[in-house]
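# Fold and geometry: a report
This is what each chain is made of:
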Amino acid sequence: MSTSARLRDRRVHLERRATASKAVRTSLVSLAGLTGGPVTNQAGEEVGRVVDVVARLYGEESYPPVTGLILRIGRRRTFLAADAIGKVHAGHVRLNTARVDLRDFARRPGEALLARDVLDHQLVDVDGIQVTRAADLYLAPLVDRVVLVGVDVSLPTLLRRLGPRRWQARPTPERVLDWQAVAPFAEQATEGPPEVRLRASRGALHRLRPADLADLLEDLGRAERQQLLGWLEPEQAADALEEMEPHELENLLREAKPEHAARLVDEMEPDEATDALRDLTHEERENLLTRMPATEAAELRRLLAHREGTAGGAMTTLLITARRDQTVAQVRAQLAEQAEHRTEIDAVAVVDEEGRLVTDIALFDLAVAEDTTPVADLVAWRAQFGPPVTVRPDTALTEAAEELVDARASSLLVVDDGDRPLGRILADDLLDALLPERGRLHFRRFLQ
């Protein structure tokens, strides 16, 4: 999606949010102020006190509907269904009936107790791309029911809750985040099928870039980031892991269940997966490799066999190769099949019938060539610049960096003693390896 299309989509999305409505913002009810408040029947008699509010947090609705209240009646706690609620005011609830059907509370799939499971817990502000905590939650009447419409994450609201009760019930709409901009972490309190729990949260998270998701994963607590990983598709999660700081990634893989960690590493690009595995102990590494498909595990073991700090240890084995008898259109078709790996490909290696390297053609040269142009013509044109610069697997990374700078290239091919391509080192991988104290540096590569 283009930048203008993303902005247009975001503007439309913002306009559809409930908290953009003045009527909704003037009718907000503070959950913090409601908790502990009285519940009265039609005759104005107090039935009990609000202990918590139950909402279907992980359903199909954009704004979670309130499904009931947990009340304290004497020393007993009981459940009151939402259909008995007449009006929710600031600090108290009025029922629409004089007779109250009270029952024991049994959590249903997708439900959460807002005060216990969400208030003061971590959540993701998708608009601000940050991890924060819910200082207060806001309810409001919408159509024919009460729904959760927003969350307040400000420090003044926390201070308000410490003050007199008359302050606690006062919402601060100028600090509200619309619920559609929030991904909460209350799944430990739900028992519904995964597809029910995922729908609401992933709707907001899918718009984030891998680097943004990596920042969120690094800021979340252990349980919360495992939940966030569970919301993402394996490919999206792997992209985020590739952007994380090495020590944070190491901790994350140790925290995850081995089966899940193995799947995530399997989805990562080979060079990134190798770096991640190197930071684990031998036993931890083997525990993951034995849970991967045999072919992928064997490839990673070959990469791990190369010493750290060498070209072989930093290269990716993802290569696109071509022959001289192919056309540019055929090579482009090969590239299209590898679109998901676009960030790892910046050139195509041309090889002869024995698999030996002939030349390396940059993607730009392929982009400006005619579809019918034979690869042989590009090989002949490239010959005027001399043979491509290559390194051996045991070449030190410092030497490989010097070769890369001298060649004014964005990557180097790693070849064996017979000049057969084994892998490729990209410029940002060299920087990641040589400047670890600077953190991971990822350039915007061609066609990214």
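Here goes a summary of the coordinates provided. (Residues numbered from 1 in each chain as written. Predicted model: local features only at pLDDT ≥ 70, side-chain atom pairs only at ≥ 80, totals over all residues. Heavy atoms only, no water.)

### A look at the packing of aromatic side chains
- Here the structure, examined in full by the defined rule, presents two aromatic pairs.
- Seen from their ring centres, phenylalanine 79 and phenylalanine 105 are 5.4 Å apart, and the 35 degrees between their planes marks the pair as tilted. Here phenylalanine 79, found in strand β5 (residues 76-81), pairs with phenylalanine 105, found in the loop between β8 (102-103) and β9 (111-113); they are 26 residues apart in sequence, far enough to count as distant.
- Taking the relative accessible area as the measure of exposure, phenylalanine 105 reaches 28% and is therefore partly exposed.
- Ring geometry for tryptophan 381 and phenylalanine 385: centres 5.3 Å apart, planes at 75 degrees, overall edge-to-face. (Phe/Tyr/Trp six-rings, centres within 6.5 Å; stacked < 30°, edge-to-face > 60°. Helix = DSSP H or I, 4+ residues; strand = E, 2+ residues; numbered from the N terminus. Buried < 20%, exposed > 50% of the residue type's maximum accessible area, 1.4 Å probe, protein only.)

### So, the sheet that holds strand β16 (residues 321-322)
- Spatial strand order, β16-β17-β18: three strands in an open sheet with mixed pairing. Edge positions in the sheet fall to β16 and β18 (357-362), since each has one partner strand and no second.
- Of the strand pairs in this sheet, β16 and strand β17 (residues 347-351) are connected by two bridges, and their pairing is parallel. Across the sheet, alanine 322 pairs through a bridge with valine 350, a residue of β17.
- Helix α19 (residues 375-382) rests against β17 and β18 of the sheet, and its axis sits at about 90 degrees to β18. (Pairing = 2+ DSSP bridges. Contact = heavy atoms within 4.5 Å. Axes fitted to C-alpha atoms, helices over the stretch in contact; angles between N-to-C directions.)

### Quick word on the packing of helix α14 (residues 282-289) against helix α15 (residues 294-305)
- At a minimum axis separation of 10 Å, α14 and α15 run at an interaxial angle of 150 degrees. Between α14 and α15, the angle is such that the two are roughly antiparallel. In this structure, α14 contributes Arg285, Glu286 and Leu289 to the contact, and α15 contributes Ala297, Leu300, Arg301 and Leu304.
- Residues that form the contact of α14 with α15 fall into these classes: four nonpolar, no polar and three charged. (Parallel < 35°, antiparallel > 145°, perpendicular 65-115°, else oblique. Nonpolar A, V, L, I, M, F, W, Y, C, P; charged D, E, K, R; others polar.)

### Let's talk about α15
- Look at α15: 16 Å from first C-alpha to last across twelve residues, which is about the 16 Å you get at 1.5 Å a residue.
- Buried residues of α15: Ala297, Leu300, Leu303 and Leu304, and no others. End-on, the buried residues of α15 take up no more than an arc of 120 degrees, which puts them together on one face. In α15, those exposed residues whose orientation departs by more than 90 degrees from the buried face are Ala294, Thr295, Arg302 and Ala305.
- Tucked into the core, α15 has its buried residues touching α12 (258-267), α13 (270-278), α14 and α16 (311-314). (Expected span 1.5 Å × (residues − 1). Arc of directions from axis to C-beta.)

### Description of unusual backbone geometry
- With phi around 70 degrees, aspartate 120 is a residue other than glycine that occupies positive phi space.
- Here aspartate 120 shows up in the loop between α4 (114-118) and β10 (122-125).
- The class of aspartate 120 is partly exposed, set by a relative accessible area of 36%.
- In this structure, aspartate 419 is a non-glycine residue whose phi angle is positive, near 60 degrees.
- With respect to the secondary-structure elements, aspartate 419 resides in the loop between β20 (411-415) and β21 (421-426).

### Quick word on the side chain of glutamate 269
- The topology assignment puts glutamate 269 in the loop between α12 and α13.
- A polar contact is formed between the side chain of glutamate 269 and the side chain of histidine 341, at a distance of 2.7 Å.
- Once you skip the residues sitting within four places of it in the chain, glutamate 269 turns out to touch Glu242, Leu318, Glu340, His341 and Glu344. (Polar contact = N/O pair within 3.5 Å; in protein donor to acceptor, adjacent residues only side chain to side chain.)

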